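# Understanding the architecture of this molecule
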Amino acid sequence: TMQAKRQDILIDVFREMINKGLRSWRLVLAGASLVKESENKLLQKLKKQAQGLPVDFRVNIPFKQLISLYSQAKIFWHAAGYGIDESKHPERVEHFGMTTVEAVAAGCWPLVYNAGGQREIFSDFKKKDLVFWLTKEELLKKTLNIIGFSKKGLLQSSELLKLPPKFSVKSFTENVQKII
């Protein structure tokens, strides 16, 4: 659901980046809704929050379209778990992180909330300080750093984010199928 993913936090940070002068960037929020868009109160609230910003909402899009979005994106933001005490409510943080694995496989640089499955996926990376965030300020600062590094050619997701074999899309899918 869109509620657990904390898109409100992402919109807040994106607004602040735009206010600080960020140009030529769009925030695309993709997610599922079990009810019609017009009846989804959270979605309507998010759309209102994003008014005036270059934000696109993609709801219940086919998987192929999602992969296409990933391939066009430069950065993948993930905020599930934000504001949750993981020790008290471990069920409320992202456990698998499949969308993150798919986004990285498509060439996106991930900026993920440091909890649950996200922490596990990137725990061995040398550059994990450029992947994890805990506060809105940290997400904003790290995003701007990554944009700057990318412009200078210092950051290539294909070079720096070689997922350990256990987190490849193929391996991930096989392991999930074994569990199910």
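Definitions and limits used
- The numbering scheme is per chain: residues are counted from 1 as the chain's sequence reads.
- Reporting in this predicted model follows two pLDDT cut-offs: at least 70 for local features of residues, and 80 or more for side-chain atom pairs to be given and counted; totals over whole chains, interfaces and linings ignore these cut-offs and use all residues.
- The basis for the side-chain values is all heavy atoms of the structure; hydrogens and waters are excluded.
- When two rings of Phe, Tyr or Trp (its six-membered ring) have centres within 6.5 Å they constitute a pair, described as stacked for plane angles under 30 degrees, edge-to-face for angles over 60, and tilted for the intermediate range.
- Throughout this description, buried means an accessible area under 20% of the type-specific maximum (1.4 Å probe, protein chains only), exposed means over 50%, and partly exposed covers the range between.
- Numbering of helices and strands runs from the N terminus; a helix is a DSSP stretch of H or I covering at least four residues, while a strand is a stretch of E covering at least two.
- Salt bridge, as applied in this entry: a Lys or Arg side-chain nitrogen positioned within 4 Å of an Asp or Glu carboxyl oxygen.
- What we call a nonpolar core is a set of buried Ala, Val, Leu, Ile, Met, Phe, Trp, Tyr and Cys residues that are connected through their side-chain atoms within 4.5 Å.
- Residue contacts are counted whenever heavy atoms from the two residues lie within 4.5 Å of one another.
- All axes here are fitted lines through C-alpha atoms, helices being fitted over the stretch that makes contact, and every angle between N-to-C directions spans 0 to 180 degrees.
- Each angle gets one of four labels, with under 35 degrees taken as roughly parallel, over 145 as roughly antiparallel, 65 to 115 as roughly perpendicular, and the rest as oblique.
- By convention the crossing between two helices is left-handed if the near helix lies anticlockwise of the far one by an angle smaller than a right angle, and right-handed if it lies clockwise.
- Note on residue categories: nonpolar means Ala, Val, Leu, Ile, Met, Phe, Trp, Tyr, Cys or Pro, charged means Asp, Glu, Lys or Arg, and polar means any other residue, Gly included.
- Between any two strands, pairing holds if DSSP finds at least two bridges.
- Every residue is assigned a pLDDT by the predictor, reflecting its confidence on a scale from 0 to 100.

### Some words on the packing of aromatic side chains
Applying the stated rule across the entire model yields four aromatic pairs. Both rings, one in Y70 and one in F76, keep their centres 5.8 Å apart while their planes meet at 80°; by these two values the pair is edge-to-face. When its relative accessible area of 11% is taken as the criterion, F76 is described as buried. Taking the centre distance of 5.8 Å and the plane angle of 70° together, the rings of Y82 and Y113 count as edge-to-face. Residue Y82 is located in the loop between β3 (75–78) and α4 (98–105), and its partner Y113 is located in strand β4 (residues 109–113); the two are separated by 31 residues in the primary sequence.

### Describing the pattern of salt bridges
Overall, the coordinates contain seven salt bridges when judged by the stated rule. Here E39 ties to K36 by a salt bridge, and the two come within 3.8 Å at their closest N and O atoms. The class for K36 is exposed, based on a relative accessible area of 57%. Between E37 and K47 there is a salt bridge, with the nearest N and O atoms lying 2.8 Å from each other. Residue E37 is located in the loop between β1 (27–31) and α2 (41–49), and its partner K47 is located in helix α2; the two are separated by 10 residues in the primary sequence.

### Concerning the nonpolar core
Ranked by size, the top nonpolar core spans 39 residues in total, and within it I11, V55, F57, W77, F122 and W133 carry the most contacts. The dominant element in this core, judged by the number of residues it contributes, is helix α1 (residues 7–19), at seven residues. Setting aside its immediate chain neighbours within four residues, I11 contacts L27, L29, L46, Q49, A50, L53 and F57. Counting five residues, the second largest nonpolar core, distinct from the first, contains L66, Y70, F76 and A103.

### Observations concerning unusual backbone geometry
Negative phi values dominate among residues other than glycine, just as trans dominates among peptide bonds. Residues other than glycine seldom take positive phi values, yet R6 does so here, at roughly 60°. Here R6 is to be found in the segment before α1. At N60, a position not held by glycine, the phi torsion is positive, near 55°.

### Overview of the packing of helix α3 (residues 63–72) against α4
For the pair α3 and α4, interaxial distance at closest approach is 8 Å and the crossing angle is 55°. Considered as vectors, α3 and α4 are oriented oblique to each other. Every pair of crossing elements has a handedness; the one defined by α3 and α4 is right-handed. Here F63, I67 and Y70 of α3 lie close against α4, whose contacting residues are T99, E102 and A103. Among the residues forming the contact of α3 with α4, the class breakdown is four nonpolar, one polar and one charged.

### Some points on the sheet that holds β4
Where strands meet in a sheet, backbone hydrogen bonds hold them as pairs that are either parallel or antiparallel. Across the sheet, which stays open at both edges, the three strands sit in the order β3-β4-β5 with parallel pairing between neighbours. Of all the strands in the sheet, just β3 and β5 (132–133) have a single pairing partner and so form its edges. Pairing of β4 with β5 involves two bridges; the strand directions are parallel. In the sheet register, V112 faces β5, and the bridge partner there is F132.

### Considerations on the environment of F14
Note that F14 resides in helix α1. The class of F14 is buried, set by a relative accessible area of 3%. Taking the C-alpha atoms as reference points, F14 and L139, 125 residues apart in sequence, are found 9.7 Å from one another.

### Regarding the confidence of the model for the chain
Per-residue confidence for the chain gives a mean pLDDT of 81; residues scoring 70 or more make up 76%. At the low end of the mean pLDDT range in the chain sits helix α8 (residues 169–179), at 54; at the high end sits α1, at 97.

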